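A closer look at the structure
The residues making up each chain are set out below.
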Amino acid sequence: MIFSPFKMAVSKKIVVLVLLLFANFIHTEAWRRHHKFFVKEASYTRLCATKNILTVNGQFPGPTLYVHEGDTIYVKVHNNGRYNITIHWHGVKQPRNPWSDGPVYITQCPIQPGDSFNYKIIFSEEIGTLWWHAHSDWLRATVHGAIIVYPKHGRSYRFPKPDQEVPIIFGEWWKEDVREVLLEFVASGGGPRNSDAYTINGQPGDLYPCSSQDTYMLNVQYGKRYLLRMINAAMNEILFFAIANHSLTVVGADGSYTKPLTKDYVIIAPGQTLDCLLEANQKARGSYYMATRAYSTALPFDNTTTTAILNYDGYSLPTTTSPLLPSLPFYNDTTAAFDFLGNLRYPDPLLFPLNKYDTRIISTISVNTLPCVNASCAGPNGNRLAASMNNISFVSPFIDILEAYYYHINGVFGTRFPRVPPLFFNFTGINLPTILLTPERATEVRVIRYNSTIEVVFQGTNLVAGLDHPMHLHGFNFYVVGWGFGNFDKKKDPKNYNLVDPPYRNTVIVPINGWAAIRFKAHNPGVWFLHCHLERHLTWGMETVFIVKDGKKAQERILPPPRHMPRC
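These numbers come from a predicted model, not from an experiment.

1. Regarding the layout of surface pockets
Of the volumes computed, that of the largest pocket is approximately 980 Å³. Lining the largest pocket are 35 residues, with Asp-137, Ser-396, Leu-538, Thr-539 and Glu-543 sitting closest to its centre. Of all the secondary structure elements, the ones that give two or more residues to the lining of the largest pocket are α2 (178–188), β21 (384–389), β22 (392–394) and α5 (535–540). Ranked by residues supplied to the lining of the largest pocket, first place goes to α2 with five residues. Tallied by class, residues from the lining of the largest pocket come to 20 nonpolar, nine polar and six charged. Its boundaries defined by the atoms lining it, the second largest pocket holds a volume of some 370 Å³. In terms of lining residues, the second largest pocket is bounded by 21 residues, among which Gly-191, Leu-299, Pro-300, Arg-536 and Trp-540 are the most central.

Shown next, in the form of structure tokens:
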């Protein structure tokens, strides 16, 4: 055999090229799977004033995470701020991995200033839009961002392919430091002050002072299709959203597909996400307002409107006239709100049978009062406002519940969260006895058998005031099988459940003086938080914890804790 130096040289170059390409692939994969979040203060100007806010990597909203269905990623959070913090990966089920779920004193102790923690985020069945946010005090007001979950490699969307994808993140802005707002709120014993503005992608919009030049603008081309990935990161308000002269087709909600639903407006609660297709189909190629304002059934609330601009390419915004505003439902239009919510449907075969359940938990969700020294608080009759589930106002422990459960540490929590309200009364009646106003304060959880099917009925009450409540469950999505107004009737109301194609969500709006029923399969062992996603109600104690007991097999048990968990 004759060896050619030329061929050998070429072969060596090919080998080197292949090795370089492989090394680049490995580096790219590592970069895609590993992220760094630096929590730090940054200066931002809104509403004619400048202040420092807490951010991730100096961005508001924070950076977007891009993953594919079934991925596992790592996010190392460095706390360079002044306050303790945790991060929650909202809507990510984290199978067997509650250690990285994030709610402070529930699944972890906080990351203290100067420390860091490496979160392992396991994606499973999620697809579409989710989000991440701080889960300690009110820091999520500015510490939040999007998570985009694409289909598995080689697969496509279930809906027509968009020409462009656009995050639309709703928020609230206070002129004051948000932590000062929180401290004032807690000290007063009353409600928090209203925000000064709503925001779209961090901008208040040109209806607010000093905001015209920074109003968020989406430039579109006629005939193109856009996927709007909506996230409600607002602290305390459910929101209506619409675009003038355009309709929206909902194709996903809370990290799951939906049957396409076309509406002139949508409603989205804090914690919820929506994937909506927008057709740029206006032949009058001008500019159109995208607008958001509150859906609120109680006063007071921030009754302002935030705007962004949808602008067709080639159209110059006039200086003398404003874009056309959409027609939004009135702020307390409950019929409009639940007409939208009641028409969302799940498009696929059910993930588990809904025709039966193993355990039903009926829980009241109430605004309450607690006694205040010298009747000096800002709540009714000088009392302090509180909130409860089944008449228990949750008290956060000083060591996280997950650690206490995993290591069998006694005295951190009790296991007597009741399966039904401790007292049945006309929950949605008027002139309710004042003796019902005061809840018990405790740290109580509900232990659930692994792999059982659970029905939870959230029953709103008219104690202090009837309100809508967006209830969020960590670790699971659930089917919203029913809802209604008034008191839940366990004999009559289940006959009207949707057990065929109910929406599959992680946050459900319980209507004012009404109820909502959800069902989920408890196949994710761990400690999982259940709470109202209105931040004022969470601060008051409208929350509890479900502990899904370990199964007998190894794959049914909680993963071991990572090294270097934050300490309390």
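2. Description of the nonpolar core
Among the nonpolar cores identified, the biggest contains 56 residues, and Leu-228, Met-230, Leu-248, Val-266, Leu-274, Leu-310 and Phe-340 are the most heavily contacted of them. Setting aside residues up to four positions removed in sequence, Leu-228 forms contacts with Val-166, Ile-168, Leu-218, Ile-243, Leu-248, Leu-274, Asp-275, Cys-276 and Leu-278. Listed in part, the 43 residues of the second largest apolar core include Trp-174, Ile-365, Ile-448 and Phe-458.

3. Describing the environment of Pro-439
Mapping Pro-439 onto the fold places it in the loop between α4 (401–406) and β23 (440–442). Placed 307 residues apart in sequence, Pro-439 and Trp-132 show a C-alpha to C-alpha distance of 32 Å.

4. Observations concerning the state of the cysteines
Within this structure, the stated rule accounts for three disulfides. Residue pairing for Cys-48: its cysteine sulfur links by disulfide to Cys-210, the two sulfurs lying 2.0 Å apart. The S-S bond linking Cys-48 to Cys-210 shows a torsion near 95°; that makes this disulfide right-handed. Taken together, the residues span a long stretch of sequence, with Cys-48 in the loop between β1 (34–46) and β2 (49–56) and Cys-210 in the loop between β10 (197–200) and β11 (217–220) at a distance of 162 residues. With a relative accessible area of 47%, Cys-48 lands in the partly exposed category. Disulfide pairing places Cys-109 opposite Cys-568 at an S-S distance of 1.7 Å. An S-S torsion of about -80° defines the bridge between Cys-109 and Cys-568 as left-handed. Of this pair, Cys-109 sits in the loop between β5 (87–90) and β6 (116–122) while Cys-568 sits in the segment after β32 (543–548), and the two are 459 residues apart along the sequence. Exposure remark for Cys-568: the relative accessible area of 48% places this residue in the partly exposed category. Numbered by order of appearance in the sequence, the disulfide-linked cysteines of the chain pair as 1-3, 2-6, 4-5.

5. Digging into the sheet that holds strand β8 (residues 144–150)
One open sheet accounts for four strands, arranged β3-β8-β7-β5; its pairing is mixed. The open sheet has two edge strands, β3 (65–68) and β5, and neither has a second partner. The sheet shows a mean angle of 20° between the axes of neighbouring strands, direction not considered.

6. Quick notes on the pairing of β21
Counted residue by residue, β21 has five buried out of six residues, so it is predominantly covered. Summarising the sheet, strand β20 (residues 359–370) and β21 pair through six bridges and their orientation is antiparallel. Within β21, the residue paired with Leu-370 across the bridge is Arg-384.

7. Digging into the UniProt feature "domain: Plastocyanin-like" (unreviewed entry) in the chain
According to UniProt, the feature "domain: Plastocyanin-like" (unreviewed entry) maps to residues 39–152, 165–314 and 440–551 in the numbering used here. Counting secondary structure, residues 39–152 comes out at 0% helix and 46% strand; the distance between its end C-alpha atoms is 31 Å. The span residues 165–314 shows a helical share of 7% and a strand share of 48%, and its end C-alpha atoms are spaced 20 Å apart.

8. Considering helix α3 (residues 334–341)
Taking burial as the measure, the eight residues of α3 include six buried ones, the bulk of the element. What α3 keeps buried is the set Thr-334, Ala-336, Ala-337, Phe-338, Phe-340 and Leu-341. The N-cap residue of α3 is Asp-333: its side-chain oxygen and the backbone nitrogen of Thr-335 are 3.3 Å apart.

Reading the values: rules and limits
Residues numbered from 1 in each chain as written. Predicted model: local features only at pLDDT ≥ 70, side-chain atom pairs only at ≥ 80, totals over all residues. Heavy atoms only, no water. 1 Å grid on protein atoms, 1.4 Å probe; cavity = no way out; pocket = protein on both sides within 12 Å on 5 of 7 lines; lining within 4 Å. Points joined across faces, edges and corners; volume = space filled by probe spheres on them. Helix = DSSP H or I, 4+ residues; strand = E, 2+ residues; numbered from the N terminus. Nonpolar A, V, L, I, M, F, W, Y, C, P; charged D, E, K, R; others polar. Core = buried A, V, L, I, M, F, W, Y, C linked by side-chain atoms within 4.5 Å. Buried < 20%, exposed > 50% of the residue type's maximum accessible area, 1.4 Å probe, protein only. Contact = heavy atoms within 4.5 Å. Disulfide = S-S within 2.5 Å. Pairing = 2+ DSSP bridges. Axes fitted to C-alpha atoms, helices over the stretch in contact; angles between N-to-C directions. UniProt positions renumbered as here; feature names shortened; annotations may be inferred. Polar contact = N/O pair within 3.5 Å; in protein donor to acceptor, adjacent residues only side chain to side chain.

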